Amino acid sequence: MVVRDIKKTLQRRNVFLALVGLIIIAVILLYILRPEYMVISDMETDEVLYSAAVEEGERFAVTYIHSVERSPVKEVFEVRGTDVYTMESHTESFGAGMPYEGDEVEMKDGVFIIRNINRRVHGGVLRIRPSSVFPHHIQVGDDRITLSEAPYKGRNLEVKVIRTYFGR
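A short tour of the structure in this document, coming up. As the structure is a prediction and not an experimental result, all values here were calculated from the model. (Residues numbered from 1 in each chain as written. Predicted model: local features only at pLDDT ≥ 70, side-chain atom pairs only at ≥ 80, totals over all residues. Heavy atoms only, no water.)

### Quick notes on the overall build of the protein chain
Here is step 1: Scanning the protein chain from N- to C-terminus turns up one helix and twelve strands.
Here is step 2: The secondary structure elements of the protein chain, listed N-terminal to C-terminal, are α-β-β-β-β-β-β-β-β-β-β-β-β.
Here is step 3: Overall size of the protein chain, expressed as C-alpha extent along the three principal axes, is 90 × 35 × 25 Å.
Here is step 4: Of all intrachain contacts in the protein chain linking residues separated by at least 6 positions in sequence, the fraction that spans at least 24 positions is 52%.
Here is step 5: With an accessible surface of roughly 10500 Å², the protein chain has 56% of that area assigned to carbon and sulfur atoms.
Here is step 6: Side chains of the protein chain give 22 positive and 24 negative charges; the mean places of these two sets differ by 12 Å. (Helix = DSSP H or I, 4+ residues; strand = E, 2+ residues; numbered from the N terminus. Contact = heavy atoms within 4.5 Å. Areas by Shrake-Rupley, 256 points an atom, 1.4 Å probe, with all protein chains shown as cover. Lys, Arg positive; Asp, Glu negative; His and termini not counted. Charge placed at Lys NZ, Arg CZ, Asp CG, Glu CD.)

### Focus: the environment of lysine 160
Here is step 1: Looking at the element boundaries, lysine 160 is found in strand E12 (residues 157–163).
Here is step 2: Classification of lysine 160 as buried rests on a relative accessible area of 14%.
Here is step 3: Along the chain, lysine 160 and lysine 8 lie 152 residues apart, while their C-alpha atoms are 53 Å from each other.
Here is step 4: When sequence neighbours within four positions are dropped, the list of residues in contact with lysine 160 reads Tyr37, Met38, Val39, Ser41, Asp46 and Val125.
Here is step 5: Polar contacts involving the side chain of lysine 160 include one to the side chain of aspartate 46, which spans 3.2 Å. (Buried < 20%, exposed > 50% of the residue type's maximum accessible area, 1.4 Å probe, protein only. Polar contact = N/O pair within 3.5 Å; in protein donor to acceptor, adjacent residues only side chain to side chain.)

### Brief notes about the packing of aromatic side chains
Here is step 1: Going through the model one piece at a time under the given rule, you end up with one aromatic pair.
Here is step 2: When the ring of phenylalanine 60 is compared with that of phenylalanine 77, the centres are 5.4 Å apart and the planes differ by 25 degrees; the resulting orientation is stacked. Here phenylalanine 60, found in strand E3 (residues 59–65), pairs with phenylalanine 77, found in strand E4 (residues 72–80); they are 17 residues apart in sequence, far enough to count as distant.
Here is step 3: Residue classification places phenylalanine 77 among the buried positions, given a relative accessible area of 3%.
Here is step 4: Of note, arginine 80 hangs over the ring of tyrosine 85, and the distance from its end group to the ring centre comes to 4.1 Å. (Phe/Tyr/Trp six-rings, centres within 6.5 Å; stacked < 30°, edge-to-face > 60°. Lys NZ or Arg CZ within 6 Å of the ring centre and 35° of its normal.)

### Concerning the pairing of strand E6 (residues 104–108)
Here is step 1: Bridge analysis of E6 against strand E7 (residues 111–115) gives five bridges, and the strand direction is antiparallel. Bridge pairing in E7 links lysine 108 to valine 111.
Here is step 2: Remark: two residues form the turn of the hairpin made by E6 and E7, two consecutive strands paired antiparallel; aspartate 109 in that turn has positive phi of roughly 55 degrees. (Pairing = 2+ DSSP bridges.)

### Some details on the pattern of salt bridges
Here is step 1: Here the structure, examined in full by the defined rule, presents eleven salt bridges.
Here is step 2: A salt bridge links arginine 59 to glutamate 88; the shortest N-O distance between them is 3.4 Å. Here glutamate 88 lies in strand E5 (residues 83–91) and arginine 59 lies in strand E3, a separation of 29 residues in the sequence.
Here is step 3: The closest approach of N and O atoms between glutamate 158 and arginine 127, which form a salt bridge, is 3.3 Å. (Salt bridge = Lys/Arg side-chain N within 4 Å of Asp/Glu carboxyl O.)

### A few points about the environment of proline 151
Here is step 1: You can see proline 151 is positioned in the loop between strand E11 (143–146) and E12.
Here is step 2: A relative accessible area of 38% means that proline 151 is categorised as partly exposed.
Here is step 3: Spatially, the C-alpha atoms of proline 151 and tyrosine 50 are 9.8 Å apart, while their sequence positions differ by 101 residues.

### Some points on the side chain of histidine 137
Here is step 1: Along the chain, the position of histidine 137 falls in strand E10 (residues 136–140).
Here is step 2: Among the polar contacts made by the side chain of histidine 137, one reaches the side chain of arginine 144 at a distance of 3.2 Å.
Here is step 3: In this view, histidine 137 contacts Ala61, Val62, Thr63, Arg144, Ile145, Thr146 and Leu147; residues no more than four positions away in its chain are not counted.

Spelled out as structure tokens, the structure:
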């Protein structure tokens, strides 16, 4: 009788430990596999102004008119984990404040295209102060956002990637 009770107790303990182990593994997997979201937020208030699901390696572009050169600029960025990397720059000239470093430079239709820049944005977060004078856009997938209009206009913005189930 005592041996049977000990066996039942051991079986219950083993089942309990197996369930606890499965729950721990499930929680760890859910944490690791959290989806990534690109978030545009106000740098001072942390108010989220835009959010979209993104995937590892997905690219997005920021386009604007350079304030000094008065020429269009397109910068292409890539999502890597929760970091943002500068990958390409498309410019008509190499004036003050214009990007100029990269592994490959090509001239196409009057535009210098610098490829393979492959540089992590400082802090992994892109900071933008959209111009109120010239149009400023960000292209994320099929979404084209005009940063030089409300609710973005006049704000210091952060473009960052977060991992969460809640999409902010």
